[in-house]
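# Reading the structure
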Amino acid sequence: MTSITFIRPDDLHVHVRDGALMQSVLPYTARQFGRAIIMPNLRPPVTTTEKAQAYRDAILAARPKGSNFQPLMTCYLTDDISLNEVASGMVDGVFAAAKLYPANATTNSDSGVTDIEKLTPLFALLERQGKPLLIHGEVTDSTVDVFDRESVFIDRVLEPLLSRFPELRVVFEHITTQEAVDFVRSHAKSGRLGATITAHHMLINRNAMFQGGLRPHHYCLPVAKRERHRQALVQAATSGEPAFFLGTDSAPHPISAKESACGCAGIYTAPLALELYAEVFEEAGALDKLENFASRNGAAFYRMPENKDVVTLEQEMWTVPEQIDGVAPFRAGQTMRWRFKE
């Protein structure tokens, strides 16, 4: 197969930042995807409808000329988040979902949730309204090994939460382990638990951070795991099962912020997102399943219509730039065999 055409996909987990950096990175997401779930971990975070509307307006203004890309905004949950603010934002269509970051789990999550019990009324509200709760699924207990934080989160937090709120719809974000795959599958019949899978977690394992030295551009949160977990993610994504769908978690940082004494977590995949996913699916012999994963499953979970136009990828050798406006993309300087066609 030398080309593939399929329904335009959605990126259901992406960071487009703000300010000058957003002006640089947003066009790459807008050219490939019809819609995107926008992460709210700015500084300060997006905790009100006013902030979400302003952020949405800025994103729309940064779209390339003629683009129909639509940002879907999310509310950053804190211990003292206003229930009325979230409720009105949901009813008015400002918030597509609510995002839960455990405090200090990842970039700009220091304002996140310290005690999940404080959000009990919020979970009940989301359950009544049928709106998704998006969860960065890691515990931040310093006694838990960084490679075990996702699996421990399932046992300590996620399973009890789903049991207490039997109608709550949850997206387990950027899953990285066999345990997460198994847990999502165990709830498949309910249709209320979905999971996003990134391209980079299907392309690298934890060795990539240490090959020939410390590789800061392969550092992300959750961190890449063992090879068996990478293989489990590939199998889940290429299975065609509706609970698994595309979320790039593209997270750009300036090169100076990645290559520092305390480097930032995040991998920038937006400029070649669909090319990376196509590579994964081709290697798995499952290109025929890419449309479901990228364009159908997530739209169905979010109860949105599928996009009406299509995109095309062709086999064409090209070299990924070493840097784009001061940010190093994933696979910088390497050759790709799939290319997105305008």
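In the block above lies the structure referred to throughout.
The paragraphs below set out a description of the structure included in this document. (Residues numbered from 1 in each chain as written. Predicted model: local features only at pLDDT ≥ 70, side-chain atom pairs only at ≥ 80, totals over all residues. Heavy atoms only, no water.)

## Some details on the sheet that holds strand 10 (residues 310-319)
Selection rule: DSSP-based pairing: two strands are paired if at least 2 bridges between them are found. The numbering of helices and of strands both runs from the N terminus, where a helix is a DSSP run of H or I of at least 4 residues and a strand a run of E of at least 2. Here, axes are lines fitted to C-alpha atoms. For helices the fit covers the stretch in contact, and angles between N-to-C directions go from 0 to 180 degrees.
With antiparallel pairing, the 3 strands of this open sheet are ordered in space as 1-10-11. Every other strand in the sheet has two partners, leaving strand 1 (3-7) and strand 11 (335-341) as the edge strands with one partner each. When strand polarity is set aside, the average angle formed by the axes of neighbouring strands in this sheet is 35 degrees. Here 5 bridges tie strand 1 to strand 10, and the two strands are oriented antiparallel to one another. Across the sheet, residue Ser 3 finds its bridge partner in strand 10, namely Glu 314.

## Let's talk about unusual backbone geometry
Inclusion rule: Any residue under 20% of the maximum accessible area for its type is buried, any over 50% is exposed, and the rest in between are partly exposed; the area is computed with a 1.4 Å probe on protein chains only.
Residue Pro 44 follows Arg 43 across a cis peptide bond; omega there is 5 degrees. Mapped onto the fold, Pro 44 is located in the loop between strand 3 (35-38) and helix 2 (49-62). In this structure, the amide linkage connecting Leu 221 to the following residue, Pro 222, adopts the cis form with an omega of 0 degrees. With respect to the helices, strands and loops of the structure, Pro 222 is situated in the loop between helix 7 (200-203) and helix 8 (227-237). Positive phi, close to 60 degrees, is recorded for Arg 303, a residue that is not glycine. By relative accessible area, which is 60% here, Arg 303 ends up exposed. Positive phi, normally seen in glycine, also occurs at Asp 325, with a value near 50 degrees.

## Comments concerning empty space enclosed by the protein
Any space left empty among the atoms is revealed by the rolling of a water-sized probe across them. Operational definition: Any residue with an atom within 4 Å of a point lines the site, the site being either a cavity, points on a 1 Å grid over the protein atoms alone where a 1.4 Å probe fits but cannot get out, or a pocket, an open set with protein on both sides within 12 Å along at least 5 of 7 lines. Grid points are joined across faces, edges and corners, and a volume is the space filled by probe spheres set on the points. Following the grouping adopted for this structure description, the nonpolar residues are Ala, Val, Leu, Ile, Met, Phe, Trp, Tyr, Cys and Pro, the charged ones are Asp, Glu, Lys and Arg, and the polar ones are all others, Gly among them.
The full count for this structure, using the stated rule, is 2 cavities of 30 Å³ or more. Lining the largest cavity are 16 residues, with His 15, Thr 106, Leu 221, Asp 249 and Ala 251 sitting closest to its centre. Here the second largest cavity defines a volume of roughly 60 Å³. The wall of the second largest cavity is formed by His 217, Ala 251, Pro 252, His 253, Lys 258, Gly 266, Ile 267, Tyr 268, Val 327, Ala 328, Pro 329 and Phe 330. A per-class count over the lining of the second largest cavity returns 8 nonpolar, 3 polar and 1 charged.

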